[in-house]
Amino acid sequence: MRSFSCGRCGQLVFFENSLCLRCSAALGFVPSVLDLVVLDGPQASGARACANATLAECNWLVEPGDPGSLCRSCVLTRTRPADSDTASLAAFASAEAAKRRLVFQLLDLGLPIRDDLAFDLLSSQWAPVLTGHDDGVITIDLAESDDARREQRRAELGEPYRTVLGHFRHEIGHYYWPILIEQAGELERWRSLFGDERIDYDSALQRHYEQGPPGDWSQWHVSAYAATHPWEDWAETFAHYLHIRDTLQTAAAFGLIVAGPQATRDESLSAAPRHADPRSFESLIGDWLPLTYALNAVNRSMGRGDLYPFTLAPTVIDKLTCVHERIQSVASRR
Ligand SMILES: [Zn+2]
Ligand SMILES: [Zn+2]
Ligand SMILES: [Zn+2]
């Protein structure tokens, strides 16, 4: 995430802010310029608050030329809980907050947001809801926005990053697979890295839940769940790539540069030439690894576990490089 400042007083403000805490200026996010602006200032001229400002706690603006009364993020939601379902509406607002982060990053990376993309945000408290992607529609189970429930599922499934934002990033990976791989004529090359997606999906999933992942999964996959099927491998890798890009962007926005002695003594780092090509994944990973070592050390100083409890095997880095190159190729064409 980028950092933002109040257009009136210069105070640091955050992506989620609708108010400057220093000068009380009302703020709104303008998607076309990816910036938080003062509502009565020139940058917001002609823009108005999103109709979901209260319901979804949305701080995005509807710009002149946008159809309807919803912002570019809220308009993507096709189904939400009923007005009478107050418990689910609270979860809906936090899911929409995570979704705005997702949409920000898609716009920032130059990924296409096509008319076929839609979100169903529903709670399994009332009827079964399966988080997943089907032909452009991403369904999220809002009951998982409940931290205690998600933490329980997270521990059961052994997934260190089971978050609502993580779910969005995973499912959007499924959405982009046909666009970035199949329709781009990249299927053969993709299969050589991720495997043949024509193996039966349901039995692969069933095998995973019955037997667990193979013992050496971390040599080949970014997560245990990624070992279930090539499609899940892609979605997990895609989500992980978005985690890396967002965190690197946040670190850069705050001027966080890690060049500590431990980092430079680590031999695995010298394999990645820093800043050789600012757009190569190799240079990104050259910044990423020292940052994660530092953030893990900071977390341990606070008595917590590692912020980044992952190791990236060479095959996993090859898969992340594939995600990076496919995104770069569509972003540069736009
Ligand atoms: Zn201010
Ligand atoms: Zn909105
Ligand atoms: Zn999936």
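*Asks:* Please explain the overall build of the protein as it appears in this structure.
*Replies:* Across its full length, the protein carries 11 helices and 10 strands. Here the C-alpha radius of gyration of the protein, 21 Å, is about what a compact globule of 334 residues would show, namely 20 Å. Of the contacts formed within the protein by residues at least 6 apart in sequence, a portion of 58% connects residues at least 24 apart. Of the accessible surface of the protein, which amounts to about 16800 Å², a share of 52% is contributed by carbon and sulfur atoms.

*Asks:* In this structure, what is going on with the layout of surface pockets? I would like to understand it.
*Replies:* With a probe scaled to a water molecule rolled over the atoms, the places where space remains empty come into view. In this structure, the second largest pocket occupies an estimated 540 Å³ of space. Every residue lining the second largest pocket is counted, 21 residues in all, and those nearest its centre are Y161, T163, T247, L307 and Y308. Of all the secondary structure elements, the ones that give two or more residues to the lining of the second largest pocket are α3 (164–182), α7 (230–253) and α10 (281–301). When residues in the lining of the second largest pocket are grouped by element, the largest group, 6 residues, is from α7. Here the lining of the second largest pocket is built from residues that sort into 9 nonpolar, 7 polar and 5 charged.

*Asks:* Which parts of the structure should I look at to understand the side chain of T228?
*Replies:* With respect to the helices and strands, the residue T228 is situated in the loop between α6 (217–220) and α7. Looking at T228, its side chain comes within polar contact range of the main-chain oxygen of Y225, at 2.7 Å. With near-sequence residues (within four places) excluded, T228 lies in contact with A204, L205 and H208.

*Asks:* Help me understand the packing of α3 against α7 in this model?
*Replies:* Contact geometry of α3 with α7 gives a least axis separation of 7 Å together with a crossing angle of 115°. Considered as vectors, α3 and α7 are oriented roughly perpendicular to each other. The way α3 lies across α7 gives a crossing that is right-handed. Listed contacts from α7 to G166, R169, H170, I172, G173, H174, Y176, W177, L180 and I181 of α3 are W231, E232, W234, A235, E236, F238, A239, L242, H243 and D246. Across the contact of α3 with α7, the residue classes break down as 11 nonpolar, 5 polar and 4 charged.

*Asks:* What should I look at first to understand the confidence of the model for the protein in this one?
*Replies:* Keep in mind that low pLDDT regions are not for reading the predicted coordinates in detail. Overall, the predicted model of the protein reaches an average pLDDT of 90, with 90% of residues at or above 70. Here residues 263–278 is a poorly scored stretch, pLDDT under 50, and it has 22 contacts once near neighbours within four places are set aside; other chains count.

*Asks:* Mind showing me how you'd approach the coordination of the zinc ion (ligand 2) here?
*Replies:* Reference values for angles at a metal are 109.5 degrees in the four-donor tetrahedral case and 90 or 180 degrees in the six-donor octahedral case. The protein atoms donating to the zinc ion (ligand 2) are C50 (SG), C58 (SG), C71 (SG) and C74 (SG), with metal-donor distances spanning 2.3 to 2.4 Å. Each of the 4 donor atoms bound to the zinc ion (ligand 2) contributes to angles spanning 105 to 115°, and the resulting shape is tetrahedral. Between the donor residues of the zinc ion (ligand 2), the gaps in sequence give the motif C-x7-C-x12-C-x2-C. In this pair, C58 sits in the loop between β5 (48–49) and β6 (61–62) while C74 sits in the loop between β6 and β7 (77–79), placing the two residues 16 residues apart along the sequence. Given a relative accessible area of 2%, C74 falls into the buried group.

*Asks:* Where do I start with the packing of α7 against α10 in this structure?
*Replies:* A pair of packed helices is captured by two measures, namely the crossing angle of their axes and the spacing between those axes. Viewed as axis vectors pointing N to C, α7 and α10 meet at an angle of 75°, and their least axial separation amounts to 10 Å. Relative to α10, α7 is oriented roughly perpendicular. Taking contact as the criterion, the partners of Y241, I244, R245, T247, L248 and A251 in α7 are, on α10, F281, L284, I285, D287, W288, L291 and L295.

*Asks:* Can you help me understand the pairing of strand β3 (residues 27–30) in this one?
*Replies:* On any regular strand, side chains alternate: one points to one face of the sheet, the next to the other face. Side-chain alternation along β3 places L27 and F29 on one buried face and G28 and V30 on a second face that is also buried. One ladder, built from 4 bridges, connects β3 with strand β4 (residues 35–38); its direction is antiparallel. By the bridge assignment, V30 is partnered in β4 with D35.

*Asks:* Explain the pattern of salt bridges to me, please; I cannot follow it from the model alone.
*Replies:* Close approach of charged atoms lets side chains of opposite charge pair. One pass over the full model with this rule turns up 17 salt bridges. With a closest N to O distance of 3.5 Å, D40 and R8 form a salt bridge. Of this pair, D40 sits in the loop between β4 and β5 while R8 sits in the loop between β1 (4–5) and β2 (12–13), and the two are 32 residues apart along the sequence. Assessed through its relative accessible area of 61%, D40 is described here as exposed.

*Asks:* What exactly am I supposed to notice about the coordination of the zinc ion (ligand 3) here?
*Replies:* For the zinc ion (ligand 3), every protein donor is listed as H170 (NE2), H174 (NE2) and E232 (OE), and the spread of their distances is 2.0 to 2.1 Å. One chain supplies every donor for the zinc ion (ligand 3), spaced along it as H-x3-H-x57-E. Taken as a pair, H170 and H174 lie in helix α3 at a separation of 4 residues, close to a single helical turn. Note on accessibility: H170 and H174 belong to one class, buried.

*Asks:* Sorry, what's going on with the side chain of Q105 here?
*Replies:* Mapped onto the fold, Q105 is located in helix α1 (residues 86–109). Polar side-chain contacts of Q105 include one of 3.3 Å to the side chain of R169. In contact with Q105, other than residues within four places in its own chain, are R169, L242, R245 and D246.

Rules used in this analysis
- Residues numbered from 1 in each chain as written.
- Chains lettered and ligands numbered in written order.
- Predicted model: local features only at pLDDT ≥ 70, side-chain atom pairs only at ≥ 80, totals over all residues.
- Heavy atoms only, no water.
- Helix = DSSP H or I, 4+ residues; strand = E, 2+ residues; numbered from the N terminus.
- Rg over C-alpha atoms; globule rule 2.2 N^0.38 Å.
- Contact = heavy atoms within 4.5 Å.
- Areas by Shrake-Rupley, 256 points an atom, 1.4 Å probe, with all protein chains shown as cover.
- 1 Å grid on protein atoms, 1.4 Å probe; cavity = no way out; pocket = protein on both sides within 12 Å on 5 of 7 lines; lining within 4 Å.
- Points joined across faces, edges and corners; volume = space filled by probe spheres on them.
- Nonpolar A, V, L, I, M, F, W, Y, C, P; charged D, E, K, R; others polar.
- Polar contact = N/O pair within 3.5 Å; in protein donor to acceptor, adjacent residues only side chain to side chain.
- Axes fitted to C-alpha atoms, helices over the stretch in contact; angles between N-to-C directions.
- Parallel < 35°, antiparallel > 145°, perpendicular 65-115°, else oblique.
- Left-handed = near helix turned anticlockwise from the far one by under 90°.
- pLDDT = per-residue confidence, 0-100.
- Donors = N, O, S within 2.8 Å, 3.2 Å for Na, K, Ca; no water.
- Tetrahedral: all angles 85-135°; square planar, octahedral: opposite > 155°, others 65-115°.
- Buried < 20%, exposed > 50% of the residue type's maximum accessible area, 1.4 Å probe, protein only.
- Pairing = 2+ DSSP bridges.
- Salt bridge = Lys/Arg side-chain N within 4 Å of Asp/Glu carboxyl O.

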